[in-house]
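Architecture at a glance
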Amino acid sequence: MAPHLTPVPAERSSSGTGSDPDEQGRLAALLRRSARGDEAAFAQVYDATSAQVYGLVLRVVRDPAQAAEVAQECYLQVWQNASRFDSSRGSVIGWILTLAHRRAVDRVRSAQSATDRDQKFALREPREEIDTGDVVVERMEAERVRRALGKLTEVQRQAIELAYLGGYTHTEVAGLLDIPLGTAKTRLRDGLIRLRDFFEGGER
Amino acid sequence: MTVEPESVHALTGAYVLDAVDDDEREAFEQHLAVCNDCREEVLSLRSAVARMPAVSAVAPPPELRANILSAIAAVRPLPPLPEEDAPPPAAPIEPSSGRHDELAARRANRRASRWRLVAAAAAVVALGGVSWGLLAPEDLGGREIGVIERESDVQLAELMSAPDLQVYTSAAGEGVQGTVLRSDSLGTAAMLLQDLPEVGDDQEFQAWNIVGETPESAGVFSAADGTATVLLEGDVTDAEVIAVTVEPVGGSDQPTGDILVQVPVSS
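Figured I'd write up the structure that's included with this text. (Residues numbered from 1 in each chain as written. Chains lettered and ligands numbered in written order. Predicted model: local features only at pLDDT ≥ 70, side-chain atom pairs only at ≥ 80, totals over all residues. Heavy atoms only, no water.)

Brief notes about the packing of helix α6 (residues 154-164) of chain A against helix α7 (residues 170-177) of chain A
All names here are of chain A. This is how the line gets drawn: Helix axes are fitted to C-alpha atoms over the stretch in contact, other axes to C-alpha atoms as well, and angles between N-to-C directions run from 0 to 180 degrees. Counting from the N terminus, the helices are DSSP H or I runs at least four residues long and the strands are E runs at least two residues long. Note on terminology: angles under 35 degrees are roughly parallel, angles over 145 are roughly antiparallel, angles of 65 to 115 are roughly perpendicular, and the others are oblique. Each crossing gets its hand from how the near helix is turned against the far one by less than a right angle, where anticlockwise is left-handed and clockwise is right-handed. In what follows, residue pairs with any heavy atoms lying within 4.5 Å of each other are defined as contacts. Each residue is assigned to one of three groups, with Ala, Val, Leu, Ile, Met, Phe, Trp, Tyr, Cys and Pro labelled nonpolar, Asp, Glu, Lys and Arg labelled charged, and all others, Gly among them, labelled polar.
Close contact between α6 and α7 brings their axes to 10 Å; oriented N to C, the two are set at 130 degrees. One way to sum up the angle between α6 and α7 is to call them oblique. Taken as a pair, α6 and α7 cross one another with a handedness that is right-handed. Of the residues in α7, those touching α6 at V155, Q158, A159, L162 and A163 are V173, L176 and L177. Taken together, the residues of the contact of α6 with α7 sort by class into seven nonpolar, one polar and no charged.

Details of the sheet that holds strand β5 (residues 188-194) of chain B
All names here are of chain B. Operational definition: DSSP-based pairing: two strands are paired if at least 2 bridges between them are found.
Read from one edge of the open sheet, four strands run β3-β4-β5-β8, paired in antiparallel fashion. Both edges of this open sheet fall to β3 (166-169) and β8 (228-231), since each of them pairs with a single strand only. Going across the sheet, the axis of each strand differs from the next one's by a mean of 15 degrees, ignoring polarity. Of the pairings in the sheet, the one linking strand β4 (residues 177-183) to β5 comprises seven bridges and is antiparallel in character. Across the sheet, residue T179 finds its bridge partner in β5, namely L192.

Description of the packing of helix α2 (residues 39-61) of chain A against helix α5 (residues 62-72) of chain B
Contact geometry for α2(A) and α5(B): axes closest at 11 Å, N-to-C directions at 140 degrees. When the axes of α2(A) and α5(B) are compared, the pair comes out oblique. Helix-helix and strand crossings are classified by hand; for α2(A) and α5(B) the assignment is right-handed. From α2(A), E39(A), F42(A), A43(A), Y46(A), D47(A) and Y54(A) reach across to α5(B), where they touch L64(B), R65(B), I68(B), L69(B) and I72(B). Broken down by class, the residue content of the contact of α2(A) with α5(B) amounts to eight nonpolar, no polar and three charged.

Okay, here's the thing in structure tokens:
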């Protein structure tokens with residue numbers, strides 16, 4: 001199947017909360033202040049990251065009330081562990097999203113039997129994404145990510161969506177896509193490598 | 001491990017997407033502790049994964065912000081992980097618990113300067129397997145407690161990947177569980193301890209390197225939640241037994257307390 005968006009060369013190094021070094025530095029500084037008990041600084045961290053965090057969690061758990069719960073747990077964890085954030089291991093938003101995703105996945109897996117998980121995954125239609133889009137840089141970043149996703153093969157994209165948004169294990173992904181076990185694992189890895197290389201290539 | 005190395009490496013993608021079950025995660029984290037390539041790949045893939053939520057951003061319900069901000073007011077942020085090359089810990093965080101924090105800071109300082117305490121609570125010793133919480137930031141966050149110092153991290157990673165790594169465990173049973181990891185080629189050893197008892201403010205644990213009848217100090221340390229992972233000091237290649245006692249703060253020249261655990265390490 002053809003990508004939804006025509007990939008174009010990464011002609012500009014657009015920025016966003018995920019990639020802008022200034023923004024990363026600002027968030028890291030706010031997080032350090034949070035670690036010292038500065039609630040106002042933490043509120044700014046929340047404001048800068050909550051749309052991505054809540055959006056991701058909502059995608060995975062689907063139920064808004066549960067998404068709010070998971071997001072709240074996640075931010076409490078961020079507050080409590082702010083001093084342990086290590087900037088050499090990635091960005092603040094990356095760290096928070098990692099925590100949030102893990103919690104969201106735990107939540108859907110523990111509720112697995114109670115939920116109908118055979119619904120479609122919204123990333124398949126990237127144009128229909130809900131997008132806060134208040135800020136130009138956020139729009140640009142979203143556009144850029146969509147272009148990157150458009151670079152993936154159909155199987156890579158489906159596998160990543162099922163794993164990341166569906167909360168399925170690679171074993172389950174293999175079953176859902178009807179591909180051999182080892183192949184799902186490989187598609188996840190080579191798909192992410194392709195995304196990574198796209199992002200890195202465009203920013204240098 | 002029954003998983004062949006080739007397929008272990010390929011799990012980086014599934015791992016960063018949380019597309020692994022608990023057993024796979026644990027096994028892969030053990031692998032990460034000894035595989036630089038996978039660690040680097042995990043970091044780089046995480047950065048790519050972190051970009052994806054940009055397309056799905058949704059403004060959260062407004063009350064969430066208020067709920068979170070009122071909830072954090074009741075939670076004390078954890079202190080930083082001590083680091084040898086870091087500036088001294090910041091001043092007490094909360095005025096209301098100043099005394100406590102000062103004590104904690106002093107202890108952290110003491111620990112950092114004299115003893116290299118690594119990956120404390122994150123280390124889980126199990127028969128036949130050692131799980132290190134060394135790597136992923138979310139693991140530190142999730143498990144709440146962990147003391148990591150970079151230099152020790154590196155030494156520990158080297159030790160874990162030494163071709164001649166030997167693993168010795170204390171006899172299974174009740175009480176303190178100890179595991180000693182030693183590489184004769186590197187001349188380094190680490191000890192992992194679980195179920196350590198609480199000790200008074202004026203006491204610390206001390207490790208002993210016993211050759212024949214003579215115990216030599218292998219370092220003084222504290223525990224976090226009853227667990228500790230320590231790089232042993234001194235020449236450990238000839239050690240016959242590594243033992244741990246409770247001693248007054250600062251340690252003793254010769255053991256004075258009862259032996260909590262001993263691990264025979266004769267090759």
